Every structure is written in structure tokens, then in C-alpha cells.
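# Reading the structure
Chain by chain, the residues run as shown.
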Amino acid sequence: TISQPNTVPLPKEISDRRRRDFRLDPAGAKFSVSTTIQARKIGTQTEVELNLDGSELHIQQRITYDVSYDRLSQVVLLVPEQLLSRATFALSADGKSTNLNAIAMVAENGARIPQRLSLAAPRIGKFDVIVQAVLPVTWPMGATTTSVDVPLVESRDAEFSATRLR
């Protein structure tokens with residue numbers, strides 16, 4: 001005989017996982033179990049907000065992570081050289097924002113420098129990494145328009161599925 005016990009709400013940390021508990025009567029009950037191990041799956045997308053204030057370009061880039069099957073303890077971002085000394089990083093999750101310290105890694109080919117950001121606690125599900133920076137803008141003498149190249153941070157963990165500019 002199999003009976004299902006009364007259920008109680010699970011803690012928020014594990015409520016995103018499906019779980020079933022059963023109690024078996026000990027009178028020679030036998031059962032078999034199978035499980036499948038899934039590799040961690042990481043999805044990312046980004047949204048960039050730009051504000052021009054005179055001779056300063058304010059950049060706020062929100063990188064949204066969606067992590068499944070295994071927790072993520074750090075993220076690795078590829079930061080353009082123009083932003084290295086100007087960018088700040090923060091974790092935004094569960095309505096809270098926490099500053100993150102970037103640790104430079106060995107540079108690979110290209111103009112982007114890998115930066116490791118350790119998370120205070122390993123995360124699963126959705127969370128955001130916020131990158132903020134201010135860049136100087138040079139206006140040609142007497143000009144009312146100018147072109148500006150906007151450097152964007154990329155995730156080394158997963159390619160962006162979408163990039164939105166506001």
C-alpha cells in the first residue's frame with residue numbers, strides 16, 4: 001500500500017524543483033527508481049539603457065541569467081577595455097541588489113577581458129547582473145550630432161539569446 005503524506009510548503013530555495021514523497025508500508029514492499037542527470041543549462045539575454053548627459057554617456061546593461069539543473073556560483077563576463085576601470089557590477093535578485101567584485105582573468109584573444117564575479121551564494125533560476133559605466137563623449141567643434149561606439153559586456157557563460165536597446 002502506498003500513501004502520500006500531507007504536504008507542507010517547501011522553502012523558497014528548493015521550491016522550483018519538483019519533488020514527491022511517498023511512504024511505503026514495510027511489509028516487503030519493493031520499488032525501483034530511475035533518475036537522469038542533466039547538465040547545467042544557462043540562458044542569457046541583455047537589455048541596455050543609454051543616457052547622454054552633455055559630454056557623458058551613461059550605460060546601464062542588465063544581463064539576465066536563467067540557470068537550470070545546477071546552481072551557478074560565479075559568472076564570467078567579457079568586458080571591453082574601454083569599460084575596465086569604469087564599470088561597476090551588481091547582482092539583482094529577489095528584489096535586492098548586491099555589489100559584486102570583478103576579478104580579472106587571463107585575457108584571451110580579442111579586446112574583451114574576462115572578469116570573474118563570484119556570487120555570495122550559488123544561484124539557480126533567474127537573476128540579473130547589472131553593469132553600470134560612464135564614458136566621456138567628445139563632440140566635434142560646433143556639431144549638433146556625433147557618432148558614439150557603445151561598448152557592451154558579453155557573458156562567457158552563454159551567448160545572449162536577445163539584446164535590447166532602450
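Everything numeric here is computed off the predicted structure, so don't read it as measured data. Within every chain, residues take consecutive numbers counted from 1 along the sequence as written. Since the coordinates come from a predicted model, pLDDT governs what is reported: local features require at least 70, and pairs of side-chain atoms require 80 or more to be given and counted, while whole-chain, interface and lining totals use all residues. Note that the side-chain values use all heavy atoms of the structure and ignore hydrogens as well as water.

As for its placement among the helices and strands, leucine 84 is situated in the loop between strand E4 (56–80) and strand E5 (88–93). Accessibility expressed as a relative area gives 37% for leucine 84, which makes it partly exposed. Separated by 18 residues in sequence, leucine 84 and alanine 102 place their C-alpha atoms 9.7 Å apart. Throughout, a contact is declared for two residues whenever any of their heavy atoms are within 4.5 Å. Discounting residues that sit within four places of it in the chain, leucine 84 has contacts with Val79, Ile113 and Gln115. Secondary structure is summarised from DSSP: a helix means a run of H or I of at least four residues, a strand means a run of E of at least two, and numbering begins at the N terminus for each. Burial classes follow relative accessibility: with a 1.4 Å probe on protein chains only, a residue under 20% of its type's maximum area counts as buried, one over 50% as exposed, and anything between as partly exposed.

A few words on the nonpolar core. One finds Tyr65, Leu77, Leu83, Phe89 and Phe127 to be the most contacted residues of the largest nonpolar core, which totals 26 residues. Residue assignment for this core shows that the elements contributing at least two residues are E4, E5 and strand E8 (112–136). Top contributing element to this core by residue count: E4, with nine residues. Among residues more than four places away in sequence, those in contact with phenylalanine 89 are Leu77, Val79, Asn99, Leu100, Ala102, Leu117, Ile130 and Val131. Residues enter a nonpolar core if they are buried and are Ala, Val, Leu, Ile, Met, Phe, Trp, Tyr or Cys, with the set joined through side-chain atoms within 4.5 Å.

Further remarks concern the confidence of the model for the chain. In this model, the chain carries an average pLDDT of 85, and 83% of its residues clear a pLDDT of 70 or more. Here strand E1 (residues 2–3) stands out as the element of the chain with the lowest mean pLDDT, 50, in contrast to E5, whose mean of 96 is the highest. Each residue carries a pLDDT score, the predictor's own confidence in it, on a scale running from 0 to 100.

What follows covers the side chain of arginine 123. In this structure, arginine 123 sits in strand E8. Arginine 123 sits in the buried class, given a relative accessible area of 17%. The contacts of arginine 123, once residues within four sequence positions are left out, are Val67, Asp70, Arg71, Leu72, Leu91, Ala93 and Asp94.

This paragraph deals with the pairing of strand E6 (residues 96–100). Here, a strand pair is defined by DSSP locating no fewer than two bridges between the strands. Pairing between E5 and E6: five bridges, direction antiparallel. Paired with alanine 93 across the strands is lysine 96, a residue of E6.

With that settled, the discussion passes to the side chain of aspartate 128. Considering the arrangement of structural elements, one finds aspartate 128 in strand E8. N or O atoms closer than or at 3.5 Å make up a polar contact, with two conditions inside protein: a donor-capable atom paired with an acceptor-capable one, and, for residues adjacent in sequence, both atoms drawn from side chains. One polar contact links aspartate 128 to threonine 64, side chain to side chain, over a distance of 2.7 Å. Excluding residues within four positions of it along the chain, aspartate 128 makes contact with Arg62, Ile63, Thr64, Ala90, Leu91 and Ser92.

What follows is about unusual backbone geometry. If a residue is not glycine, its phi is most likely negative; likewise, a peptide bond is most likely trans. Of note, the phi angle at tyrosine 69 is positive, near 75°, even though the residue is not glycine. Note that tyrosine 69 resides in strand E4. Phi is positive for aspartate 94, close to 55°, though the residue is something other than glycine. Relative to the helices and strands, aspartate 94 resides in the loop between E5 and E6.

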